[in-house]
Amino acid sequence: MTVCNSCRYCEGLCAVFPAMEMRRSFSDGDLNYLANLCHSCGACYTDCQFSPPHEFNVNVPQTLAIARNESYAAYAWPRVFSGAFARNGLVISLVAALSVAAFIFGFAAFNDRQVLYGVHSGPGAFYQLMPHNAMAVLFSTALLYAIAALVMGVRAFWRDIGEPVGMKTDAKSLLQAFRDAGELRYLDGGGVGCFNEDDRPTDRRKIYHHLTFYGFGLCFAATCVATLYHYLLAREAPYAWWDLPVVLGTLGGIGLLIGPLGLLAEKSKRDPVLVDATRKGMDTAFIVMLFLTGLTGIALLLWRETSAMGPLLALHLGVVFALFITMPYGKFVHGIYRFVALVRYARERQMTRHG
Ligand code: SF4
Ligand code: SF4
């Protein structure tokens, strides 16, 4: 950062360099802030005249990727789970998903095999396998835990990057951050796209990221609408194909099928020199879990009126539960910390503009 601060050649590429130029020295909090502001497009490595084999060995994308991954562990709550980031892998997520699925499956099979393999249709069909209240308690507990852990992590990050915890964020900065995050503005390599191993920038990472992000958002919206239907309108799932929760869930599920597959393909093509190779498992686990959420959700939609509904519902619930409980200790946090860094950046820009 000190070399970059003297050079400043890359200042037009993304938010990291203007934010860096506002500083003379760099505390751990500043570095974590800059690391989470970086979207890992790789442009500043390709453009840099001091990157290897130059003796300065400047590699901003990789350095910030390492710092970013270390920041996830540093802000994890409770601290005792911070090591989970290092170990977080596909195996842990899959074991968690299969364990919960097996529990639900086994519980239903123990109670009544007919319920598990029978054909159920009409309102309340899903709750033959597991009562709605049990499902609601299980999943809201997992989600509330994940939210509490994420809030505690963000609180520590917010304080560390120099913002008083109680400070109200001005609406203008918040709006700017929402816009920048929603567009993935800084994943465009300064306008040309993301860099892969062949040095030809493309927008593919951005497109797949959008599909994944908005797919996840639509699935979450589908769950919220279904909850409102259940409690406010006394309408029980499953719903018809044309009903809002199903339309939102189907579109979201398709996004979660295409987006994560594309991200995995792009990941395999990335130049290893741009990434933190030691934490590849963390990225892959989260992407695979999102893909499995989409896959099991769509499979459940397609075969919900057959005898496969029970096992598919158990599997889908297991995957979603595993996704929830691993969220605060995996790659999911990158979206939250990056958004917070964008809010901080928008605030800094506002303050600089107004003297
Ligand atoms: S990455 Fe290289 S070219 Fe870009 S500002 Fe830093 S030292 Fe300069
Ligand atoms: S990798 Fe891209 S987003 Fe990250 S600092 Fe370099 S230019 Fe900015």
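## Points about the overall build of the protein
Here is step 1: In terms of helices and strands, the protein carries 15 helices and zero strands.
Here is step 2: For 355 residues, the compact-globule formula gives about 20 Å, and the C-alpha radius of gyration of the protein, at 22 Å, lands near that figure.
Here is step 3: Over its C-alpha atoms, taken along the principal directions, the protein stretches across nearly 70 × 45 × 40 Å.
Here is step 4: Across the 355 residues of the protein, 50% fall into the buried class.
Here is step 5: Pairs at least 24 residues apart make up 75% of the contacts formed inside the protein by residues separated by at least 6 positions.
Here is step 6: Accessible surface computed for the protein: about 17,200 Å², of which carbon and sulfur atoms make up 65%.
Here is step 7: When the 30 basic and 26 acidic side-chain charges of the protein are each reduced to a single mean position, those positions are 4 Å apart.

## A short note on the site of ligand 1
Here is step 1: In the vicinity of ligand 1, the residues found are Cys4, Cys7, Arg8, Tyr9, Cys10, Phe17, Cys44, Cys48, Gln49, Phe50 and Val60.
Here is step 2: Residues of the shell around ligand 1, tallied by class, amount to nine nonpolar, one polar and one charged.

## Digging into the site of ligand 2
Here is step 1: For ligand 2, the set of nearby residues contains 13 residues, the closest of which are Cys14, Cys38, Cys41, Gly42 and Cys44.
Here is step 2: Split into classes, the residues belonging to the shell around ligand 2 amount to ten nonpolar, three polar and no charged.

## A word on the packing of helix H10 (residues 171–183) against helix H15 (residues 333–353)
Here is step 1: Across the interface, H10 lies against H15 with an axial gap of 8 Å and an inter-helix angle of 130°. Considering the angle they form, H10 stands oblique to H15. Read as a crossing pair, H10 and H15 show a hand that is right-handed. Here H10 contributes Lys172, Ser173, Leu174, Gln176, Ala177, Phe178, Asp180 and Ala181 to the contact with H15, which in turn contributes Phe339, Leu342, Val343, Ala346, Arg347 and Gln350.
Here is step 2: Across the contact of H10 with H15, the residue classes tally to eight nonpolar, three polar and three charged.

## Looking at the environment of Gln176
Here is step 1: Relative to the helices and strands, Gln176 resides in helix H10.
Here is step 2: Residue classification places Gln176 among the partly exposed residues on the basis of a relative accessible area of 26%.
Here is step 3: Between the alpha carbons of Gln176 and Ala346 there is a distance of 6.5 Å; along the sequence they are 170 residues apart.
Here is step 4: If we ignore the near neighbours within four places in the chain, the residues touching Gln176 are Arg185 and Ala346.

## Here's the deal with the pattern of salt bridges
Here is step 1: Overall, the coordinates contain seven salt bridges when judged by the stated rule.
Here is step 2: In this structure, the salt-bridge partner of Glu348 is Arg23, at a minimum N-O distance of 2.4 Å. In this pair, Glu348 is assigned in helix H15 and Arg23 in the loop between helix H2 (16–21) and helix H3 (28–37), connecting sequence segments 325 residues apart.
Here is step 3: Accessibility expressed as a relative area gives 7% for Arg23, which makes it buried.
Here is step 4: Among the salt bridges present, the one from Arg185 reaches Asp180, with a minimum N-O distance of 3.2 Å.
Here is step 5: In this structure Arg185 comes out as partly exposed when scored by relative accessible area, which is 36%.
Here is step 6: Sharing partners across several salt bridges, the network here consists of Arg23, Asp30, Arg344 and Glu348.

## Regarding the packing of aromatic side chains
Here is step 1: One pass over the structure, following the stated rule, counts 15 aromatic pairs.
Here is step 2: A centroid spacing of 4.8 Å and a plane angle of 45° characterise the contact between Phe178 and Phe339, whose relative ring orientation is tilted. Of the two residues, Phe178 is situated in helix H10 and Phe339 in helix H15; the sequence distance between them amounts to 161 residues.
Here is step 3: Accessibility expressed as a relative area gives 52% for Phe178, which makes it exposed.
Here is step 4: An aromatic cluster of at least three residues, connected via ring pairs, comprises Tyr72, Tyr75, Phe157 and Tyr337.

## Structural notes on helix H12 (residues 244–269)
Here is step 1: Over its 26 residues, H12 runs 38 Å from end to end, which matches the ideal 38 Å to within 8%, given 1.5 Å per residue.
Here is step 2: Along H12, the residues classified as buried are Pro245, Val246, Leu248, Gly252, Gly253, Gly255, Leu256, Gly259, Pro260, Gly262, Leu263 and Glu266.
Here is step 3: On its buried side, H12 packs onto helix H11 (204–232) and helix H13 (280–302).

## A closer look at helix H5 (residues 60–74)
Here is step 1: For H5, spanning 15 residues, the distance from its first C-alpha to its last is 20 Å, which sits close to the expected 21 Å at 1.5 Å a residue.
Here is step 2: Within H5 the residues assigned to the buried category are Val60, Pro61, Leu64, Ala65, Ala67, Arg68, Asn69, Ser71, Tyr72 and Ala73.
Here is step 3: Capping of H5 at its N-terminal end is provided by Asn59; its side-chain oxygen lies 3.1 Å from the backbone amide nitrogen of Gln62.

## So, the packing of H11 against H12
Here is step 1: Direction vectors running N to C along H11 and H12 enclose 155°, while the axes themselves pass 6 Å from each other. Regarding the angle of H11 to H12, the classification is roughly antiparallel. As H11 packs across H12, the resulting crossing turns out to be left-handed.
Here is step 2: Of the residues belonging to the contact of H11 with H12, the class tally is 18 nonpolar, nine polar and four charged.

## Points about the environment of Val91
Here is step 1: Along the chain, the position of Val91 falls in helix H7 (residues 90–111).
Here is step 2: Sequence-wise, Val91 and Thr352 are 261 residues apart; in three dimensions their C-alpha atoms are separated by 47 Å.

Calculation notes
Residues numbered from 1 in each chain as written. Chains lettered and ligands numbered in written order. Predicted model: local features only at pLDDT ≥ 70, side-chain atom pairs only at ≥ 80, totals over all residues. Heavy atoms only, no water. Helix = DSSP H or I, 4+ residues; strand = E, 2+ residues; numbered from the N terminus. Rg over C-alpha atoms; globule rule 2.2 N^0.38 Å. Buried < 20%, exposed > 50% of the residue type's maximum accessible area, 1.4 Å probe, protein only. Contact = heavy atoms within 4.5 Å. Areas by Shrake-Rupley, 256 points an atom, 1.4 Å probe, with all protein chains shown as cover. Lys, Arg positive; Asp, Glu negative; His and termini not counted. Charge placed at Lys NZ, Arg CZ, Asp CG, Glu CD. Near = heavy atom within 4 Å. Nonpolar A, V, L, I, M, F, W, Y, C, P; charged D, E, K, R; others polar. Axes fitted to C-alpha atoms, helices over the stretch in contact; angles between N-to-C directions. Parallel < 35°, antiparallel > 145°, perpendicular 65-115°, else oblique. Left-handed = near helix turned anticlockwise from the far one by under 90°. Salt bridge = Lys/Arg side-chain N within 4 Å of Asp/Glu carboxyl O. Phe/Tyr/Trp six-rings, centres within 6.5 Å; stacked < 30°, edge-to-face > 60°. Expected span 1.5 Å × (residues − 1). Polar contact = N/O pair within 3.5 Å; in protein donor to acceptor, adjacent residues only side chain to side chain.

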